[in-house]
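Chains, contacts and geometry: an overview
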Amino acid sequence: MGEQHAIFVSGAAGFVGSRLARIFVDRGFPVFGFDNLSRGSRENLNGLLTHERFIFEKVDLSDAGELRSRFMNCHRRIPISEVWHMAANSDIPAGIADASVDLRDTFLSTFNLLDAMKEAGVPLLAFASSSAVYGDLGEAPIREDIGPLLPISNYGAMKLASEALISAAVENWLSRALIFRFPNVIGVPATHGVILDFVRKLTASPTKLNVLGSGRQRKAYLHVNDLIDAIVYLRANASERFGCYNVGPEDKGVTVSFIAETTVEAVAPGAGIEYGLEDRGWTGDVPRFSYDIAKLRALGWRPQLGSADAVRKAVVEIVQQEGHL
């Protein structure tokens, strides 16, 4: 694999991580990928697992000793120049039911990975954060400099705590960090999310779709193709030593009822849709938010798809993934 520097991707078998790993390998970088395979799968790495520039290891990032040992082994093999930390718990309701889920998979994974990076002297961290760090701000446009940040889910709290750890690391030893605050990201390979949930519900019961919440929830949705394009663009064009960026579409989003109707049309035309009474789909759900991406747009990046087109595209992709087309 030569003497060049390598890129490390955590959550490498997951939704975003597997796509990132593929892009970096295609661009000629050696890539180390770690994943505990709790959400990701080896199938997401088809074509990569046998590639000479990609090395995958099943590793639990919440196990500090195992992570440090295996990370350092990789670093000794090919020096790691940057870490892309995409691993986290992605099931917000699971974290509400059991707070240890996000403590372990969202916060400790960051803490332990930073510790390993410090020992190895890796200078750059790119971190997948979330709109959940902002909390519920209603219809107010959400900018990166808004505050105070008051998350309403354990997932959001542990993402925000991870951001704080990274900020402290930049002050202490880390040369540079990029924080990406994702909205709702959709597409394939889907491992979770509202569209996958709807497709599977309709497969099990083709005559009726039960929806959590009133359906009036309105959120911004970004196709994963645009997400990957944006964060790789930021890698090349952002100049801040510690930079936080909202990554999302330019619109105010679409309603859950729109997503339900679009999915029903694709999977089970004529199925009835039954909505709940509450605005929130679950405890910790932010029923509506509107992203301001002016900071990212000022660097010259714009998404290819708005929320509605992203949903339409993702529905087709996920239906195909689940074997219905």
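This structure is a prediction, so every number in the text was calculated from the model and none was measured.

With that settled, consider the overall build of the protein. Counting its secondary structure elements, the protein contains 10 helices and 15 strands. Taken over the C-alpha trace, the protein has a radius of gyration of 19 Å; the compact-globule value for 325 residues is 20 Å, and the two agree within 12%. Along the longest, intermediate and shortest principal axes, the C-alpha atoms of the protein span 60 × 45 × 40 Å. Total accessible area computed for the protein in this model is approximately 13500 Å², and 50% of it derives from carbon and sulfur atoms. Averaging the positions of the 33 positive and the 38 negative side-chain charges in the protein gives two centres separated by 2 Å.

This next bit is on the packing of aromatic side chains. One pair of aromatic rings is described through two measures. These are the centre distance and the angle between the planes. Counting across every chain of the model gives 8 aromatic pairs. Plain terms: the ring middles of Y134 and Y291 are 6.3 Å apart, the flat faces sit at 85 degrees to each other, and that makes the pair edge-to-face. Within this pair, whereas Y134 is found in the loop between β5 (124-130) and β6 (141-142), its partner Y291 is found in strand β15 (residues 290-291), the two being separated by 157 residues in sequence. Note on Y134: relative accessible area 1%, which makes it buried. According to the relative accessible area criterion, Y291 is buried, its value standing at 5%.

Membership of the largest hydrophobic core comes to 44 residues, with the highest contact counts inside it found for V16, L20, W84, F180 and V247. Sorting elements by how many residues they give to this core places helix α7 (residues 224-237) first, with 7 residues. The residues contacting W84, other than those within four sequence positions of it, are I7, F8, V9, S10, L20, F24, A126, F180, I231 and R235. Formed by 30 residues, the second largest nonpolar core is a distinct cluster that contains M72, A120, A169 and I179.

Moving on, we get to the pattern of salt bridges. For the structure shown, the criterion picks out 15 salt bridges. For R68, the salt bridge goes to E119, with nearest N and O atoms at 3.5 Å. Residue R68 is located in helix α2 (residues 64-77), and its partner E119 is located in helix α4 (residues 99-120); the two are separated by 51 residues in the primary sequence. Residue class for R68 comes out partly exposed when judged on its relative accessible area of 29%. Classification of E119 as partly exposed rests on a relative accessible area of 48%. The salt bridge partner of R235 is E82, with a shortest N-O separation of 2.7 Å. Of the two residues, R235 sits in helix α7 while E82 sits in strand β4 (residues 80-85), which places them 153 residues apart along the sequence. Taken together, the shared-partner salt bridges connect E57, E66 and R70 into one network.

Another aspect to go through is the pairing of strand β7 (residues 176-182). When you tally the buried positions in β7, you get 7 out of 7 residues, the bulk of the element. Here β7 shows two buried faces, one formed by R176, L178, F180 and F182 and the other by A177, I179 and R181. Two strands pair when backbone bridges link them, and β5 and β7 are joined in this way by 7 bridges, in the parallel orientation. Opposite S129, over in β7, you have R181 as the bridge partner. Of the pairings in the sheet, the one linking β7 to strand β12 (residues 242-246) comprises 5 bridges and is parallel in character. Bridge pairing in β12 places A177 opposite F242.

Cis geometry is found at the peptide bond from G147 to P148, where omega equals 0 degrees. V188 connects to P189 through a cis peptide bond whose omega is 5 degrees. Secondary-structure assignment places P189 in the loop between β8 (184-186) and α6 (194-204). Backbone geometry at L37 places phi at a positive 65 degrees, although glycine is not the residue there.

Reading the values: rules and limits
- Residues numbered from 1 in each chain as written.
- Predicted model: local features only at pLDDT ≥ 70, side-chain atom pairs only at ≥ 80, totals over all residues.
- Heavy atoms only, no water.
- Helix = DSSP H or I, 4+ residues; strand = E, 2+ residues; numbered from the N terminus.
- Rg over C-alpha atoms; globule rule 2.2 N^0.38 Å.
- Areas by Shrake-Rupley, 256 points an atom, 1.4 Å probe, with all protein chains shown as cover.
- Lys, Arg positive; Asp, Glu negative; His and termini not counted.
- Charge placed at Lys NZ, Arg CZ, Asp CG, Glu CD.
- Phe/Tyr/Trp six-rings, centres within 6.5 Å; stacked < 30°, edge-to-face > 60°.
- Buried < 20%, exposed > 50% of the residue type's maximum accessible area, 1.4 Å probe, protein only.
- Core = buried A, V, L, I, M, F, W, Y, C linked by side-chain atoms within 4.5 Å.
- Contact = heavy atoms within 4.5 Å.
- Salt bridge = Lys/Arg side-chain N within 4 Å of Asp/Glu carboxyl O.
- Pairing = 2+ DSSP bridges.

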